[in-house]
Amino acid sequence: MESFLQDVRYALRTLRGSPGFAFMAVLALALGIGATSAVFSVVNGVLLRPLPFHEPERLARVFGNLRAWDLTDITSSVPEYQEYREQLRSFSSLAAYVQGDMTLTGGERPQRVVATRATASLLQTLGVTPSLGRGFMAQEEVPGHDRVVLLTRKAWREHFAEAPDVLGQTLRLDGEPYTVVGVLPEEGLYPVETEVFLPLAPPAEHFSENYRGARYLSVLGRLRPGVTEEGTREDLARASRVLGEAHPAHYQDAGWSLSLKSLEERTVGGVRGTLWLLMGAVGFVLLVACSSVANLLLARGVARGREVAIRAALGADRRRLVAQLLTESLLLAVAGGALGVLLAAWGMDALLALVGDALPRAGEVRLDATSLLFTAGVSLLTGVVFGLVPALRVSRVDLDAAMRQGARGTADGATGRLRGGLVVGQIALALVLLVGAGLFSRSFVSLREVDPGYSPDGVLTGQLSLSRASYPDAARQAAFQAELLTRVQALPGVASAGLANILPLSGQRDNTFDIEGRTLTTADRLPAVQYRAVSAGYLRTLQVKLRQGRMLQDSDDAHAPGALVINRTFADLYWPKGDALGQRLKLHAPDARWATVVGIVEDLREANLSEPARPTAYWSLAQQPSANLGLVVRLAAGAPESVVASVEAALREVDGDVPLYAVTSLSRMVEDSLGSRRLSALLMGLFAGVSLVLAALGIAGVIAFMVVQRTRELGIRMALGAARGDVLRLVLGQGMRLASLGLVLGLALSLALSWGLSRMLGPLLYGVTALDPWTFAGVAGLLGGVALLATWLPARRATRVDPIIALRAE
């Protein structure tokens, strides 16, 4: 211990004597360790930390699949859920739930809350026990007996100030009183983010065969202990056969099957590949940083050659010298790790702010004990990794040569080759990261250039929902919609306004349908049409292009014949001869009526920008009113946010109990839909930029050190008649040989990784392949140019060597 403390004190004195070296080493390590720690914290919070439930590995979602149209992950209807409970034997319990919005009144102003209606079995399935009160009872899954509510910790805190006597109090939701019967624990309640839970009490007609295709329920199950994967597959296949035999038109003809996805996979599966890819990329950054510091230590070791030789001459064995040099490396690593923690805390907050709602479980991401332990381990490991090889190299002392060279130190060929090899590795790793950054950047740019089919600039959007108590029927809903649009369109600066049941990029709602005069099989009706109910001004407000016929009009009201507009994909799929206008459709839904196709519009990217448009039909909202509405307002000039207060005031004049929420511009919605793509491109670009700078500094440092070591040789060459251009070519040649080796190795590694990870990269890229030759050529040219510049600067200094001064110094 005494010798270790002596080494620490000596190392601190030595590092204080070389503040520039210490600063550069600590900064390089802090960048690598900080970036690694920040990304690991996200990976740990999202992917590695178990879901906050009892035995979460036994939780799984049940989905339907239609082989005929390659449709997967289909939710369930009420009749299907009832049959799953009877048929599926692999589960100890099954639960169903559906998420929506409700209006909370009773305060100063109405508020929107996220509500989940769930069966009484949900808490049992999740393994959650209320911290106060109780859960739901089976008898409360009946309309009229479902006026009870479970609060999440957030709702208890915000609406009842965590009052201990909250049980029995009333919460007014959608105009109806609900009695608080329990408070749920602090943990995040997956599978849905919600504020209040209510009993799932479907109307009696939802249990009928007419609603077998109305699939709005998510089904969650807990697998029995000991059930095998093969046994579960057999159970699902058997249940699928039973359904097909009982209802062939719904299942057998369309190739229906059941499948499972673990709750964890369903929750985080969409970002798993991206996060592990970023973790691998940041590992490359750390390797580049370690290589840079190892190069600095080798250069410093050469300069300290006489000091090490004297210590060896005084009796220090090689093991003692290695221990001393490793102590310096570990001190640098600890300092870099400490600064890296600060950078990680800042970087993690910035990362979460950038990704917004695109990252599941974002609320569980934090710099906790696991992250700090990981950072400490990485710091110590990097201290050994970048310090051991230089320590072994420097401690191999030739006393006679070292003493003859004096204080300037000496470098043997092995040390030079080792430093050159480190630079080659840095360039290769930097190229890999640059290729990744290039692919993700091109993908992001391609998505940004996609025409969504509408013009988002200058459009304000918002959401609102009507309570069942205040608006129990279609007539009242239609009257509210008409009055709201009249008031909003009369506001100063408003060019047009519209309403829809679902806004672009906000979700999907599909339904099957019939075409008059045509017999459709089950397979013909799929893929189900995307159903949109829109006001007359909605498509005009979005500036959607009309191809044929006309748009919906105010005259297409509840008293007029049914009317709808379809998109080009729908028209081309079912009427390839171009005779869609005048055709009549009817949805498979209660109270649906026949509607005539009056117009065809261009495709809109309704789900997201990366998926092609699906068949979509726009029914008249006046004929198909909806309680859940999205508002779009186009301004003649100015920022959309400038009319928010006016729109809210207009809404209060119509009904002061209806809140307007999720208010944002349509442009922002489009940008937010690209959040995960933007994050990948930004982080890969940042990692690649750091590696590029470190690689450039590495090659410049090696060439500069070579110039210093070969000053006498260069002086002799110039004294014997070598021109400055000859010296410049000599030095540039050495630097570019290293760069060329790094580029060749980097291209080979990039091609191998891109080919090996092509299945993972495919869904993450758009408009570019993982082996895009232009990206590879471009980044190789960029890195080659940077390497040339980094080599040229010390080479230029070499041409200024005065041969007389160089020879006199020798």
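Residues numbered from 1 in each chain as written. Predicted model: local features only at pLDDT ≥ 70, side-chain atom pairs only at ≥ 80, totals over all residues. Heavy atoms only, no water.

(A) How the structure looks around the overall build of the protein. Within the protein, the regular secondary structure consists of 23 helices and 23 strands. By the burial criterion, 51% of the 810 residues in the protein qualify as buried. Per element, the accessible surface of the protein, about 36000 Å² overall, is 57% carbon and sulfur. (Helix = DSSP H or I, 4+ residues; strand = E, 2+ residues; numbered from the N terminus. Buried < 20%, exposed > 50% of the residue type's maximum accessible area, 1.4 Å probe, protein only. Areas by Shrake-Rupley, 256 points an atom, 1.4 Å probe, with all protein chains shown as cover.)

(B) Layout of the nonpolar core. Counting residues in each nonpolar core, the largest one holds 116 residues, and the members touching the most others are Val46, Leu332, Phe386 and Phe687. At 18 residues, the largest contribution of residues to this core is made by helix α7 (residues 263-303). Ranked by size, the runner-up nonpolar core spans 44 residues in total, among them Leu460, Leu499, Ile515 and Ala650. (Core = buried A, V, L, I, M, F, W, Y, C linked by side-chain atoms within 4.5 Å.)

(C) Region of the structure containing helix α20 (residues 724-756). With 33 residues, α20 extends 47 Å between its outermost C-alpha atoms, agreeing within 8% with the 48 Å of an ideal straight helix rising 1.5 Å per residue. Taken as a whole, α20 has its buried residues at Val727, Val731, Leu732, Gly735, Leu738, Ala739, Gly742, Leu743, Gly746, Ser750 and Ser754. (Expected span 1.5 Å × (residues − 1).)

(D) Structural detail: the pairing of strand β1 (residues 59-66). Along β1, eight of the eight residues are buried, which leaves the element largely enclosed by surrounding structure. Here β1 shows no split at all, with Leu59, Arg61, Phe63 and Asn65 on one side and Ala60, Val62, Gly64 and Leu66 on the other all buried. Across seven bridges, the pairing between β1 and strand β11 (residues 256-262) is antiparallel. Considered in β11, the bridge of Arg61 is made with Lys261. By the bridge criterion, two bridges tie β1 to strand β2 (residues 71-74) in an arrangement that is antiparallel. Within β2, the residue paired with Gly64 across the bridge is Ile74. (Pairing = 2+ DSSP bridges.)

(E) Quick peek at a nonpolar patch on the surface. Judged by side-chain polarity, Phe23, Met24, Leu27, Leu31, Leu296, Leu339, Leu342, Leu343, Val693 and Leu697 come together as a nonpolar surface patch covering roughly 840 Å² of accessible area. For the nonpolar patch, the elements supplying multiple residues, two or more each, are α2 (19-48), α9 (318-355) and α18 (675-709). Here the nonpolar patch gets four residues from one element, more than from any other, and that element is α2. Turning to its location among the elements, Leu339 is positioned in helix α9. (Patch = residues over 30% accessible without salt bridge, like charges linked within 9 Å, V, L, I, M, F, W, Y side chains within 5 Å. Salt bridge = Lys/Arg side-chain N within 4 Å of Asp/Glu carboxyl O.)

(F) View of the pattern of salt bridges. Per the counting criterion, the structure on display carries 29 salt bridges. Note that Arg442 and Asp772 form a salt bridge whose closest N and O atoms lie 2.3 Å from each other. With Arg442 in helix α12 (residues 413-448) and Asp772 in the loop between α21 (758-761) and α22 (773-798), the pair connects residues that are 330 residues apart, well separated along the chain. For Asp772, a relative accessible area of 9% translates into the label buried. Note that Arg550 is salt-bridged to Asp556, the shortest N-O span being 3.0 Å.

(G) Fine view of the packing of aromatic side chains. What the rule picks out here adds up to eight aromatic pairs. Taking the centre distance of 5.3 Å and the plane angle of 65 degrees together, the rings of Tyr471 and Phe480 count as edge-to-face. You'll find Tyr471 and Phe480 in the same group, each marked buried. Aromatic rings pair up to connect Phe513, Phe570, Tyr574 and Trp575 into one cluster. (Phe/Tyr/Trp six-rings, centres within 6.5 Å; stacked < 30°, edge-to-face > 60°.)

(H) Geometry of the packing of helix α3 (residues 78-87) against helix α6 (residues 229-246). The N-to-C vectors of α3 and α6 enclose an angle of 130 degrees; their axes lie 10 Å apart at closest approach. On the basis of their axis angle, the class for α3 and α6 is oblique. Crossing of α3 over α6 shows right-handed handedness. Taking contact as the criterion, the partners of Glu83, Tyr84 and Gln87 in α3 are, on α6, Asp235, Arg238, Ala239, Val242 and Leu243. (Axes fitted to C-alpha atoms, helices over the stretch in contact; angles between N-to-C directions. Parallel < 35°, antiparallel > 145°, perpendicular 65-115°, else oblique. Left-handed = near helix turned anticlockwise from the far one by under 90°. Contact = heavy atoms within 4.5 Å.)

(I) Inspection of the packing of helix α13 (residues 474-489) against helix α16 (residues 644-654) at higher detail. For the pair α13 and α16, interaxial distance at closest approach is 9 Å and the crossing angle is 140 degrees. Judged on the interaxial angle alone, α16 and α13 are oblique. At the point where α13 passes α16, the crossing takes the right-handed sense. Packed against α13, whose contacting residues are Phe480, Glu483, Leu484, Arg487 and Val488, the element α16 presents Ala650, Leu651, Glu653 and Val654 at the interface. Classifying every residue of the contact of α13 with α16 gives six nonpolar, no polar and three charged. (Nonpolar A, V, L, I, M, F, W, Y, C, P; charged D, E, K, R; others polar.)

(J) Main features of unusual backbone geometry. Phi is positive for Glu55, which is not a glycine, with a value near 45 degrees. If you trace the backbone, Glu55 turns up in the loop between α2 and β1. Of note, Glu162 is a non-glycine position whose phi angle comes to about 55 degrees, a positive value. Note on Glu162: relative accessible area 35%, which makes it partly exposed.

(K) Layout of the environment of Leu260. Mapped onto the fold, Leu260 is located in strand β11. The class for Leu260 is partly exposed, based on a relative accessible area of 25%. For the pair Leu260 and Leu59, spaced 201 residues apart in sequence, the C-alpha separation works out to 9.8 Å.

(L) The side chain of Arg605, seen in detail. Residue position: Arg605 is located in the loop between β20 (595-601) and β21 (616-620). Polar contacts involving the side chain of Arg605 include one to the main-chain carbonyl oxygen of Leu609, which spans 2.5 Å. Only 3.3 Å separates the side chain of Arg605 from the backbone oxygen of Glu611, close enough to count as a polar contact. Beyond its immediate chain neighbours, meaning those up to four positions away, Arg605 contacts Val450, Asp451, Pro452, Tyr454, Leu505, Ser610, Glu611, Pro612, Ala613 and Tyr766. (Polar contact = N/O pair within 3.5 Å; in protein donor to acceptor, adjacent residues only side chain to side chain.)

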